[in-house]
Amino acid sequence: MSDIFRKKSLSKLLADAASGEHGLKKTLGMWSLIALGIGAIIGAGLFVRTAAAAADNAGSGVTMSFVVAAVGCAFAGLCYAEFAAMIPIAGSAYTYAYTTMGELIGWIIGWALIMEYALGAATVSIAWSEYLNNLLGGRIPYELCHSPFESLYTVVGSAIAQFPAEISKMAKDGVLVLSDGQYEHLSETLKATVNVQSGLVNIPALGILLILTLLLIKGTQESAIVNGIIVFVKVSIVLVFIVIGWNFIDPANHTPYLIPEGTPGHESIFTWGYGGILGGAAVVFFAFIGFDAVSTAAQEAKNPKRDMPIGILGSLVVCTILYVLFSYVLTGVAHWSEFGAAGKEASVSYAIQKYMIGYEWLGTSVTIAILAGFSSVILVMLMGQSRVFFTMSQDGLIPRVFSNLHPKFQTPYKSNLILLVFVGLFAAFIPGSVAGDLTSFGTLFAFVLVCAGILIMRKSDPDVPRPFRTPLVPLVPILGIIVCAFMIIALDIFTLASAGAWMILGLLIYFMYSRKHSNLNKPE
């Protein structure tokens with residue numbers, strides 16, 4: 001059984017990276033890598049998590065929550081930066097774990113990354129479909145934008161219209177007071193007019209996956225260019241909101257800056273005061289997930305020793321600044337307490353429509369920014385997953401087909417197509433809620449092992465050249481492990497049980513196939 005902890009040779013990895021024998025084109029520069037990071041990080045999280053954390057935990061202090069969350073991410077980011085500069089090979093956390101902790105741990109983290117990248121791309125594509133339909137005013141038929149396992153109970157509006165005009169108006173205004181008899185009559189009327197609609201297939205989700213997959217097959221440089229354009233669009237809209245919204249800030253909305261103790265609905269220590277800042281940090285932490293996908297492109301970077309740390313840490317810094325400014329403006333335009341009633345997903349549009357008179361068009365722009373954000377997240381997730389599979393295939397742990405390169409474009413096109421089928425089936429036929437927080441589990445698990453890998457490699461290979469060194473070792477890696485482990489424990493029981501079942505399936509595959517076919521199981 002000792003062979004399950006055999007390790008990839010660091011010296012061979014470094015020799016392979018220097019020779020470029022694996023065939024992936026080196027087309028990405030510093031700015032492309034930063035754009036990849038921003039593309040993966042800024043999604044709907046900026047527009048949804050901000051309002052959620054403000055309403056439920058931190059109030060206007062959500063700006064400080066973003067700083068705390070960024071510091072937590074920075075611990076893992078600094079560790080990623082050292083590995084990415086030292087071992088510029090596609091595979092990210094999988095490669096780092098295989099080199100430092102052995103084959104079984106490498107396989108486990110590679111299997112876990114499927115939850116982050118593949119399931120993450122599927123889940124985001126489902127959300128992309130929902131926002132597209134909202135932008136189009138619901139013109140896409142329900143059955144063509146939802147899975148067959150989702151149904152919609154549509155209440156016919158005429159049910160309310162049967163009541164006197166003043167009651168109908170009260171219903172529209174969101175305030176409806178009925179007598180017992182009226183309430184019973186309304187209930188029976190609604191029951192009689194309920195129409196059940198079932199979904200068939202989520203075509204928009206499948207469509208965006210197909211378009212982005214074909215783009216990835218065409219080439220990494222082309223994908224990076226398109227990603228750069230998307231990043232420019234969504235960052236521009238965020239900046240426009242910040243600049244215009246700054247003029248509508250009411251200082252009274254920032255007073256008090258933190259939720260006071262004793263506020264109704266905020267009994268927990270993590271929902272008011274400085275504790276609320278920490279509680280808000282746990283909410284907005286997941287708005288930062290994605291920067292690690294930059295490390296999967298290490299083998300395609302022109303100058304990885306310099307550019308990988310800049311790409312990883314630079315994207316974190318840029319996004320943190322945007323998050324802090326955005327949250328400051330949002331909680332200044334509207335009071336944090338309004339976001340709970342307005343609904344987290346609609347809170348930004350609500351603030352624009354109610355308080356930013358004359359700039360209602362920004363609400364539509366925000367939806368466009370969300371769609372752009374989702375598109376770049378899906379693009380980077382699909383690319384990250386195919387690169388992890390590429391490296392695992394070259395190591396013999398999964399079939400060779402995943403590392404076959406296109407004869408013209410030099411991209412792992414077969415891996416991209418197989419991913420399209422897997423991710424597409426999930427997106428087209430499975431509700432997005434099924435994935436739950438599995439994406440977060442895979443990410444946090446990778447963070448923990450990368451931080452641990454820095455501690456191990458500093459002991460096992462202290463003399464290996466490190467173009468970038470994680471500062472304050474062992475403090476930074478240990479803090480990274482603690483913060484990320486705490487986040488894993490905080491996930492709900494269903495997510496942890498689902499992740500456990502996924503890991504058991506992965507172990508069965510490893511012992512039935514991967515262990516036997518591993519390159520380390522073959523003579524040199």
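Regarding the packing of aromatic side chains
Part 1: Summed over the entire model, instances satisfying the criterion amount to 15 aromatic pairs.
Part 2: With a centroid separation of 4.6 Å and an interplanar angle of 10°, the aromatic rings of Phe83 and Tyr96 are classed as stacked. Within this pair, whereas Phe83 is found in helix H4 (residues 62-86), its partner Tyr96 is found in helix H5 (residues 93-101), the two being separated by 13 residues in sequence. The pair Phe83 / Tyr96 is uniform in exposure class, with both members buried.
Part 3: Between Trp246 and Tyr328, the ring centres sit 5.3 Å apart and the planes meet at 35°, which makes this aromatic pair tilted. With Trp246 in helix H11 (residues 220-246) and Tyr328 in helix H13 (residues 304-333), this pair connects stretches of sequence that are 82 residues apart.
Part 4: Through successive ring pairs, a cluster of aromatic residues spans Trp107, Trp111, Trp502, Tyr510 and Phe511.

Structural notes on unusual backbone geometry
Part 1: Residue Pro256 is bonded to the preceding Thr255 through a cis peptide linkage, with omega at -5°.
Part 2: Secondary-structure assignment places Pro256 in the loop between H11 and helix H12 (273-284).
Part 3: Positive phi, normally seen in glycine, also occurs at Gln410, with a value near 55°.
Part 4: Along the polypeptide, Gln410 turns up in the loop between helix H16 (361-394) and helix H17 (413-429).
Part 5: Positive phi outside glycine occurs at Leu472, with the angle close to 55°.

Here's the deal with the packing of helix H6 (residues 103-135) against helix H18 (residues 438-460)
Part 1: H18 packs onto H6 with a crossing angle of 145° between their chain directions and a minimal axis gap of 8 Å. In the crossing of H6 with H18, the sense of the turn from one axis to the other is left-handed. Contact residues: Ile105, Ile108, Ile109, Ala112, Leu113, Met115, Glu116, Leu119 and Gly120 in H6; Leu438, Thr439, Phe441, Gly442, Thr443, Phe445, Ala446 and Leu449 in H18.
Part 2: Partitioned by chemical class, the residues of the contact of H6 with H18 number twelve nonpolar, four polar and one charged.

Quick word on the nonpolar core
Part 1: Ranked by internal contacts, the top residues of the largest apolar core, which has 147 residues, are Phe47, Tyr80, Phe241, Phe291, Phe326 and Ile378.
Part 2: Considering each element in turn, this core owes the most residues, 20 residues, to H6.
Part 3: Residues in contact with Phe326, not counting those within four places in the same chain, are Leu46, Phe47, Thr50, Val238, Phe241, Ile242 and Val348.

Thoughts on the pattern of salt bridges
Part 1: Tallying each qualifying case throughout the model produces seven salt bridges.
Part 2: Asp395 is the salt-bridge partner of Lys8, the closest N and O atoms lying 2.9 Å from each other. Of the two residues, Lys8 is situated in the segment before helix H1 (10-19) and Asp395 in the loop between H16 and H17; the sequence distance between them amounts to 387 residues. We note that Lys8, like Asp395, is buried.
Part 3: Across the salt bridge formed by Lys218 and Glu222, the nearest N and O atoms sit 3.5 Å from each other.
Part 4: Judged by relative accessible area, which is 39%, Lys218 ranks as partly exposed.
Part 5: Residues joined by salt bridges that share partners form a network here, namely Glu82, Arg458 and Arg466.

Re the environment of Ile237
Part 1: Mapped onto the elements, Ile237 comes out in helix H11.
Part 2: It is 6.7 Å that separates the C-alpha atoms of Ile237 and Ser365, two residues lying 128 residues apart in sequence.
Part 3: Residue contacts for Ile237: discarding those within four places in its chain leaves Ser365, Val366, Ile368 and Ala369.

Quick word on the packing of H4 against H18
A pair of packed helices can be characterised by two numbers: the angle between their axes and the separation between those axes.
Part 1: Where H4 contacts H18, the two axes come as close as 9 Å, and the packing angle between them is 60°. It follows that H4 is oblique to H18 by the angle criterion. By crossing handedness, the relation of H4 to H18 is classed as left-handed. On H18, the residues touching Phe75, Ala76, Cys79, Tyr80, Glu82, Phe83 and Met86 of H4 are Ala446, Phe447, Val450, Cys451, Gly453, Ile454, Met457 and Arg458.
Part 2: Taken together, the residues of the contact of H4 with H18 sort by class into twelve nonpolar, one polar and two charged.

Here we look at the confidence of the model for the chain
Part 1: Confidence in the prediction for the chain averages 80 pLDDT; 85% of positions are at 70 or higher.
Part 2: Here helix H7 (residues 158-161) stands out as the element of the chain with the lowest mean pLDDT, 42, in contrast to helix H10 (residues 203-218), whose mean of 92 is the highest.
Part 3: Across residues 153-176, confidence stays below pLDDT 50; counting only partners more than four residues off in sequence or on other chains, it has 32 contacts.

So, the environment of Phe339
Part 1: If you trace the backbone, Phe339 turns up in helix H14 (residues 338-342).
Part 2: Phe339 sits in the buried class, given a relative accessible area of 0%.
Part 3: The spatial distance from the C-alpha of Phe339 to the C-alpha of Ala54 is 7.6 Å, given a sequence separation of 285 residues.

Section: H4
Part 1: For H4, spanning 25 residues, the distance from its first C-alpha to its last is 36 Å, which sits close to the expected 36 Å at 1.5 Å a residue.
Part 2: Ala74 marks where H4 bends most, by close to 25°.
Part 3: Counting buried residues in H4 gives 20 out of 25 residues, a clear majority hidden from the surface.

Side note on H16
Part 1: Helix length check: H16, at 34 residues, gives a terminal C-alpha distance of 50 Å against a target of 50 Å (1.5 Å per residue), a fit within 8%.
Part 2: Most of H16 is tucked away: 31 of the 34 residues are buried.
Part 3: Gly396 lies just past H16 and shows a positive phi near 85°.

Cut-off values and rules
Residues numbered from 1 in each chain as written. Predicted model: local features only at pLDDT ≥ 70, side-chain atom pairs only at ≥ 80, totals over all residues. Heavy atoms only, no water. Phe/Tyr/Trp six-rings, centres within 6.5 Å; stacked < 30°, edge-to-face > 60°. Helix = DSSP H or I, 4+ residues; strand = E, 2+ residues; numbered from the N terminus. Buried < 20%, exposed > 50% of the residue type's maximum accessible area, 1.4 Å probe, protein only. Axes fitted to C-alpha atoms, helices over the stretch in contact; angles between N-to-C directions. Left-handed = near helix turned anticlockwise from the far one by under 90°. Contact = heavy atoms within 4.5 Å. Nonpolar A, V, L, I, M, F, W, Y, C, P; charged D, E, K, R; others polar. Core = buried A, V, L, I, M, F, W, Y, C linked by side-chain atoms within 4.5 Å. Salt bridge = Lys/Arg side-chain N within 4 Å of Asp/Glu carboxyl O. Parallel < 35°, antiparallel > 145°, perpendicular 65-115°, else oblique. pLDDT = per-residue confidence, 0-100. Expected span 1.5 Å × (residues − 1). Bend = angle between axes of the 7 residues up to and from the residue.

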